[in-house]
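Chains, contacts and geometry: an overview
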Amino acid sequence: MVAPSLIPKRAGDRVKTDRRDAASLARLHRAGELTAVWVPDAGHEAMRDLVRARLDAVRALRRARQQLSGFLLRQGCHYGRPAWTKLHRRWLAGLRFEQAVHHIVLEDHIAAVEAAEARRDRLTAQIEAMLPDWELAPVVAALQTMRGMALVNAATLIAELGDLSRFANPRQLIAYLGLVPSEHSSGASVKRGGLTKAGNSAARRLLIEAAWTYRFPARVSRELRLRQKEQPRPICEIAWKAQLRLCVRYRKLARSGKPANVVTAAIARELAGFVWAIARRLPPAAG
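A few points on the structure. (Residues numbered from 1 in each chain as written. Predicted model: local features only at pLDDT ≥ 70, side-chain atom pairs only at ≥ 80, totals over all residues. Heavy atoms only, no water.)

Looking only at helices and strands, the protein has eleven helices and two strands in total. When its helices and strands are written in sequence order, the protein yields α-α-α-α-α-α-α-β-β-α-α-α-α. For the protein, whose C-alpha radius of gyration is 24 Å, the value lies well above the compact-globule estimate of 19 Å for 287 residues. Projected onto its principal axes, the C-alpha positions of the protein cover 75 × 50 × 50 Å. The proportion of buried residues among the 287 residues of the protein is 35%. Element-wise, carbon and sulfur atoms account for 54% of the exposed surface of the protein, whose accessible area totals about 17700 Å². Charged side chains in the protein number 49 positive and 25 negative. The centres of these two groups are separated by 9 Å. (Helix = DSSP H or I, 4+ residues; strand = E, 2+ residues; numbered from the N terminus. Rg over C-alpha atoms; globule rule 2.2 N^0.38 Å. Buried < 20%, exposed > 50% of the residue type's maximum accessible area, 1.4 Å probe, protein only. Areas by Shrake-Rupley, 256 points an atom, 1.4 Å probe, with all protein chains shown as cover. Lys, Arg positive; Asp, Glu negative; His and termini not counted. Charge placed at Lys NZ, Arg CZ, Asp CG, Glu CD.)

With nine of its eleven residues buried, helix α6 (residues 151-161) lies for the most part within the structure. When we look at burial in α6, the residues that qualify are Val 152, Ala 154, Ala 155, Thr 156, Leu 157, Ile 158, Ala 159, Glu 160 and Leu 161. Along its buried surface, α6 packs onto α2 (42-74), α4 (100-130), α5 (137-143), α7 (170-176), α8 (201-211) and α11 (260-280). Just downstream of α6, Gly 162 is the residue with a positive phi angle, here 80 degrees. (Contact = heavy atoms within 4.5 Å.)

A cluster of acidic residues, Asp 41, Glu 45, Asp 49 and Glu 135, forms a negative patch on the protein surface. Here Asp 49 shows up in helix α2. (Patch = residues over 30% accessible without salt bridge, like charges linked within 9 Å, V, L, I, M, F, W, Y side chains within 5 Å. Salt bridge = Lys/Arg side-chain N within 4 Å of Asp/Glu carboxyl O.)

Along the polypeptide, Gln 228 turns up in helix α9 (residues 222-228). For Gln 228, a relative accessible area of 13% corresponds to the buried category. Contacts of Gln 228, omitting those with residues within four sequence positions, involve Thr 145, Val 220, Cys 236 and Ala 239.

Enumeration according to the criterion identifies three aromatic pairs in this entry. Taking NZ or CZ as reference, Arg 166 lies 5.6 Å from the ring centre of Tyr 176, over its face. (Phe/Tyr/Trp six-rings, centres within 6.5 Å; stacked < 30°, edge-to-face > 60°. Lys NZ or Arg CZ within 6 Å of the ring centre and 35° of its normal.)

The next subject is α4. End to end, α4 covers 46 Å across 31 residues, agreeing with the expected 45 Å (1.5 Å per residue, within 8%). All of the buried residues along α4 are Leu 106, His 109, Ile 110, Val 113, Ala 116, Glu 117, Leu 123, Thr 124 and Ile 127. (Expected span 1.5 Å × (residues − 1).)

Within the largest apolar cluster, 54 residues are counted, with the highest numbers of intra-cluster contacts made by Leu 143, Met 146, Leu 157 and Leu 207. Those elements that provide at least two residues to this core are α2, α4, α5, α6, α7, α8, α10 (233-255) and α11. Among the elements that line this core, the one with the most residues is α11, at eleven residues. Filtering out sequence-adjacent residues up to four positions away, Leu 207 remains in contact with Met 149, Leu 157, Leu 177, Leu 179, Ala 268, Leu 271, Ala 272 and Val 275. (Core = buried A, V, L, I, M, F, W, Y, C linked by side-chain atoms within 4.5 Å.)

Printed below as a string of structure tokens:
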């Protein structure tokens, strides 16, 4: 199976028939110009659909909360503490408005938030229930030894990326994720731009989110130690090496004056390399 978008085509070739396509593909295959792609099986596609459904639920929850916050701001209601906690819920229940209709609108927004939270939690429970029967479950468990890679994050990342053994080196994975800078150089002129942002955007966003956790000093928290309990020592050593390197690098780049998004992207790029290293420590998935 090859990627249709990566098949070389001549600009002036305006005639397309099955015979010409077959001959062209045969020549390109002989020349090694075709790019093979990994085809997931039915079980992997089912897990990917499940994690994407949860991502949709998270977006719906975020949108419902923003709508509620916007309504409260229009009414001049400000909550100066962290929102969506038990105290915040009590504060919402104690609000009073001059117009009775506003109470109806408030309750409708609260019901929408609660429904979105219930949907997210149901899908999270389904991911946890399906994970033991998934062939890539060992890779998900191994990635949870790293900071910023809890169960849902690790399962979503592997569901989006698939079997990482198909990448011969971490540079291929990093390029696939679009975490390398774009470049337009010629001769002595070297011009590099922003990230290419090619490949899987959901996986890239998860790595960016995980990279934010490395702004804190390296340490193994109680929750992280519990996740590492059943994992082999070499896997835990790679995770600790990642913490030591990425935490120091985050602070070094931040002190140099780099913007926060640039620093986080650089950490995510190196984090992808450690993800590849942990996945390669495990036996390849069957099939």
